[in-house]
Amino acid sequence: MAFFKNAICLAILVLLMGNSSAQLSTNFYSKSCPKLFSTVKSAVNSAISKEARMGASLLRLFFHDCFVNGCDGSVLLDDTSSFTGEKTAIPNRNSARGFDVVDNIKSAVENACPGVVSCADILAITARDSVVTLGGPNWNVKLGRRDARTASRSAANNGIPPPTSNLNALTSRFGALGLSTKDLVALSGSHTIGQARCTSFRARIYNETNLDASFARTRQGNCPRASGSGDNNLAPLDLQTPTNFDNNYFKNVVNQRGLLHSDQQLFLSGGSTNSFVSTYANNPQTFNSDFVSAMIKMGDISPLTGSKGEIRKNCRRIN
Ligand code: HEM
Ligand SMILES: *[C@@H]1O[C@H](CO)[C@@H](O)[C@H](O)[C@H]1NC(C)=O
């Protein structure tokens, strides 16, 4: 009898352990790194106080990490002789930024608790803190991801949708990662902060008809028609408040002022996602809560857990 009891207890224990190592949890570092949240928060706040746009850049890094082989810190790896990483992939080259800030955050975390916290988790916390600091919603971040030991430029080119995507392409890419069309629309609300380069929206402001004419003229003023001239000139993704995490993005999209082709795809004549956009334009609370759910879902994409991957010492290279 005692034998069977013990065997059952052991079986349950093994099941629980297997489970806990495969699942993320909000208290993952509560014993091993109690100062984690305060350390990250103060580093994020100091970066954003130097440059408000940095909050947007850090949020985007988490998206670009999670959409390429899951949230595994792969976006942070520099190229090596054995692989070409993601930093020079089309969606990232001359565009992804904030790597130095992530290095600073990682050093601060390493000082507090050496060898404990993954770069993938640092990106997840950093994204949340950026949103909060710019006035968006707060949430508890699930943790326990480990870091990839490789990265791939082609995986990034294939994984991150380009701004020329139509609604079908966006829906199917998000769907392939377990994200619904509602998640797609809510997460796109991230374009209420930050900047885009002329090259990302030139074709739209010169050639598309589903945009407000005066908005098009304004954007044309700093984005010449000829490709190759002014490619890196910047424009705010949200024309009113590009450093406030609010629901203005959706108001813009309803008014045909989405900057990217992919933004305006979410609100087309008779479009299937129009109702989500209108709801978020009219109800910031609903946007905030759907955004939080979608961020948590995005953060759950294929994490490395248990003994997979590693805890990198330096986010730019494998140990
Ligand atoms: C729906 C598909 C998406 C597409 C096609 C897309 C595309 C883009 C493009 C082209 C830019 C401008 C890059 C440049 O010109 O340098 C941009 C910026 C940005 N994206 Fe997205 N994005 C998408 C979804 C997301 C998601 C899900 C998030 C976050 C959860 C996000 C966060 C951002 C942020 C914050 C910026 C501004 C970055 C900065 O100022 O440094 N995007 N995005
Ligand atoms: C606009 O469309 C025309 C015809 O497809 C194309 O030749 C031209 O390069 C486009 N212009 C821009 C700025 O994308």
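Model, not experiment: these values are computed from the prediction.

As a further point, take the site of ligand 1. Residues in contact with ligand 1 amount to 27 residues; listed here are only the nearest, Ser57, Ser95, His191, Arg197 and Ser200. Looking at the shell around ligand 1, the elements with two or more residues in it are helix H3 (54-66), helix H7 (167-176), helix H8 (181-188) and strand E1 (195-197). Sort the elements by how many residues they give to the shell around ligand 1 and H3 lands first, with four residues. Mapping the shell around ligand 1 onto the domain boundaries places at least three of its residues in each of domain 1 (31-160) and domain 2 (167-297).

Turning next to the confidence of the model for the chain. Of the residues in the chain, 93% reach a pLDDT of 70 or more, and the chain-wide mean stands at 94. In the model of the chain, helix H1 (residues 2-22) stands out as the element of lowest mean pLDDT, 42, in contrast to helix H5 (residues 119-133), which has the highest, 99. Between residues 1-21, whose pLDDT stays under 50, and residues either more than four places distant or in other chains, the model counts two contacts.

The next point concerns the state of the cysteines. Following the criterion strictly, the structure yields four disulfides and no others. One disulfide bridge connects Cys33 with Cys113, the sulfur atoms lying 1.8 Å from each other. One disulfide, between Cys33 and Cys113, carries an S-S torsion of 45° and so falls in the right-handed class. Placement of the pair is Cys33 in the loop between H1 and helix H2 (36-50) and Cys113 in the loop between helix H4 (99-112) and H5, with a sequence separation of 80 residues. Pair check on accessibility: Cys33 and Cys113 agree, each one buried.

The next subject is the coordination of the iron atom of ligand 1. For the iron atom of ligand 1, the protein contributes exactly one donor atom, His191 (NE2), at 2.1 Å. With respect to the element layout, His191 can be found in the loop between H8 and E1.

Conventions and cut-offs
Residues numbered from 1 in each chain as written. Chains lettered and ligands numbered in written order. Predicted model: local features only at pLDDT ≥ 70, side-chain atom pairs only at ≥ 80, totals over all residues. Heavy atoms only, no water. Near = heavy atom within 4 Å. Helix = DSSP H or I, 4+ residues; strand = E, 2+ residues; numbered from the N terminus. Domains from an automatic or database assignment. pLDDT = per-residue confidence, 0-100. Contact = heavy atoms within 4.5 Å. Disulfide = S-S within 2.5 Å. Buried < 20%, exposed > 50% of the residue type's maximum accessible area, 1.4 Å probe, protein only. Donors = N, O, S within 2.8 Å, 3.2 Å for Na, K, Ca; no water.

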